[in-house]
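A look at the structure
Each chain, written out:
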Amino acid sequence: MAIIVNLDVQMAKRKISLNDLSERVGITPANLSILKTGKAKAIRFSTLEAICKELDCQPGDILEWNEDVEPDLHLHSP
Amino acid sequence: MFFGKSNVDLRRESDLVNYEFYSINPPMKLNMKSGKLGMLTVLAIVIYAVMILSSFISEMDDFMLGYEMGSNLGRSITDSTKQESAMKTVYFLDLKAGESISTFPDTICNLKGAQKIPIRFDKAQILADAFSKDDKSALRLMKQLEIPLSLLMLVIVVLIPVFFIKLNISLKKEVVFDKSNIKCMRWIGILLILYYFVMLTVSWIVYKTNLMMFEFAEYKIQFKQPDLIWILLGVVVLLFAEVLYRGSKMKDEQDLTI
């Protein structure tokens, strides 16, 4: 995917574990792991809001677009 | 309280969170849905069994006739006097009377009116010479092809309910948009279409062999087309399989929405 998730960077800066963050945000550790590893297909604004609130950062700190990475064309396939 | 937040709107959480909630507190309507599904499954299997059984019963006379011919042939192996008459077989023909739809070439006696009335036949069973073992003609080879094709039809008739039951077991476990379910549905659809084409091939072989064997003055031998409902059912099932496939893709996307 061309969108890169830098959640692990922000988590390391705040020194917070996956389990702690998932508990505070209100999603399961499995889902947070899917997001962290870049396997997620979409993210809800409510989830992004909760993560930014807990990590005290901007959405741009977590999400990054990189033109060199292959886009996920499967999203647009019928 | 859930994950330490009492004011969290559960509806805005991921599907996995909702699943955990429902697994602890299953709503009543899930049980009602599985009862409905079970009822529909049983109904479908019963209708299928009745359909197969009724077609078997309607052909029972033909089956018994064939069985009798076969056992006569078997008994005649030791008795040479009966061999000639036993080397006959029954041919099943579909007929059409003459050129015009108003042609009634035969007559039959009506006992209620004590008079002969015109009649025309659309089916016939003819006792004629069977093919000998030494006969290598195309006719005999075509007739021999009927046996494996008929066995293939029997296998298909057995396989369709097997896949159907497998699909329903999966649905009962609340697993809907799954690759194995899509595979089952596709197999059912393909088998239904295949069943039609195998029936068509057998009908064509029977038609061609009858044409080679017989010719009548008042009747024309007809080609008996199998019911098109089989191919329609197959196509509809394949369509549903495609819908299920699209659903599974949407589910995968939904599952990966955090």
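Residue numbering note: each chain is counted from 1, following its sequence as written. The order in which chains are written sets their letters, starting at A; the order in which ligands are written sets their numbers, starting at 1. Local features in this predicted model are restricted to residues whose pLDDT is 70 or higher, and side-chain atom pairs enter the listing and the counts only when it is 80 or higher, whereas totals over whole chains, interfaces and linings include all residues. The basis for every side-chain value is the complete set of non-hydrogen atoms in the structure, without hydrogens or water.

It is worth spelling out the overall build of chain A at this point. Going along the chain from the N terminus, every DSSP run of H or I of four or more residues is numbered as a helix, and every run of E of two or more is numbered as a strand. Across its full length, chain A holds five helices and two strands. When the helices and strands of chain A are placed in sequence order, the string is β-α-α-α-α-α-β. The Shrake-Rupley method, run with a 1.4 Å probe sphere, supplies the accessible areas, and residue values consider only the shown protein chains as cover. Summed over all atoms, the accessible surface of chain A reaches about 4,800 Å², with 52% contributed by carbon and sulfur.

Turning next to unusual backbone geometry. Residue and element names in this part refer to chain A. Positioned with a positive phi, Lys15 is a non-glycine residue whose angle comes to about 55 degrees. Along the polypeptide, Lys15 turns up in the loop between helix H1 (7-14) and helix H2 (18-25). Residue Lys15 is classed as exposed on the basis of its relative accessible area, which comes to 74%. Despite not being glycine, Asp56 shows a phi value in the positive range, around 55 degrees. By the secondary structure assignment, Asp56 is in the loop between helix H4 (45-55) and helix H5 (59-62). Only protein chains enter the calculation, and the probe is 1.4 Å; a residue is then buried if its accessible area is under 20% of its type maximum, exposed if over 50%, and partly exposed in between. A relative accessible area of 63% places Asp56 in the exposed class.

This part covers the sheet that holds strand S1 (residues 88-97) of chain B. Residue and element names in this part refer to chain B. For two strands to be treated as a pair, DSSP must find no fewer than two bridges joining them. Taken in spatial order, the three strands line up as S4-S1-S5 in an open sheet, and their pairing is antiparallel. On the outer flanks of this sheet lie strand S4 (123-129) and strand S5 (219-222), each paired with one strand and no other. Each strand axis lies, on average, 55 degrees off the axis of its neighbour in the sheet, ignoring direction. Here four bridges tie S1 to S5, and the two strands are oriented antiparallel to one another. Axis lines are fitted to C-alpha atoms, over the contacting stretch for helices. Their N-to-C directions set the angle, which ranges from 0 to 180 degrees.

This part takes up the confidence of the model for chain B. Residue and element names in this part refer to chain B. A score from 0 to 100, pLDDT tells how confident the predictor is in each residue. For chain B, mean pLDDT is 79; residues scoring 70 or higher make up 79% of the total. Here a residue-residue contact requires only that any non-hydrogen atoms of the pair lie within 4.5 Å. Scored below 50 in pLDDT, residues 1-32 makes 30 contacts in the model with residues more than four places away or belonging to other chains. Here the predicted complex scores 0.71 on pTM and 0.78 on ipTM.

The next thing to look at is a nonpolar patch on the surface. On the surface, Ile147(B), Leu151(B), Leu154(B), Val155(B), Val158(B), Leu159(B) and Val162(B) cluster together into a nonpolar patch covering about 630 Å² of accessible area. Note on placement: Val158(B) falls in helix H5 (residues 138-172). Every patch collects residues that have over 30% relative accessible area and no salt bridge, joining them within 9 Å if they carry like charges and within 5 Å if they are nonpolar side chains (Val, Leu, Ile, Met, Phe, Trp, Tyr). A pair is scored as a salt bridge if a Lys or Arg side-chain nitrogen falls within 4 Å of a carboxyl oxygen belonging to Asp or Glu.

On to the packing of aromatic side chains. All names here are of chain B. Pairing of aromatic rings covers Phe, Tyr and the six-membered ring of Trp, with a centre-to-centre limit of 6.5 Å; geometry is then stacked below 30 degrees between planes, edge-to-face above 60, and tilted otherwise. Under the definition given, this model contains six aromatic pairs over all chains. Taken together, a centroid distance of 6.1 Å and an interplanar angle of 10 degrees make the contact between Phe214 and Phe216 stacked. For Phe216, a relative accessible area of 31% gives the class partly exposed. In this structure an aromatic cluster arises from ring pairing among Tyr91, Phe214 and Phe216. Any Lys NZ or Arg CZ that is within 6 Å of a ring centre and within 35 degrees of that ring's normal is treated as a charge sitting over the ring. Across the ring face of Phe104, the terminal group of Arg120 is positioned such that the distance to the ring centre comes to 4.6 Å. A cation sits over an aromatic face here: Arg186 above Tyr245, 5.4 Å from the ring centre.

Relative to the elements of secondary structure, Ser170(B) occurs in helix H5. Apart from the residues within four sequence positions on either side, Ser170(B) is in contact with Val175(B), Ser180(B) and Asn181(B).

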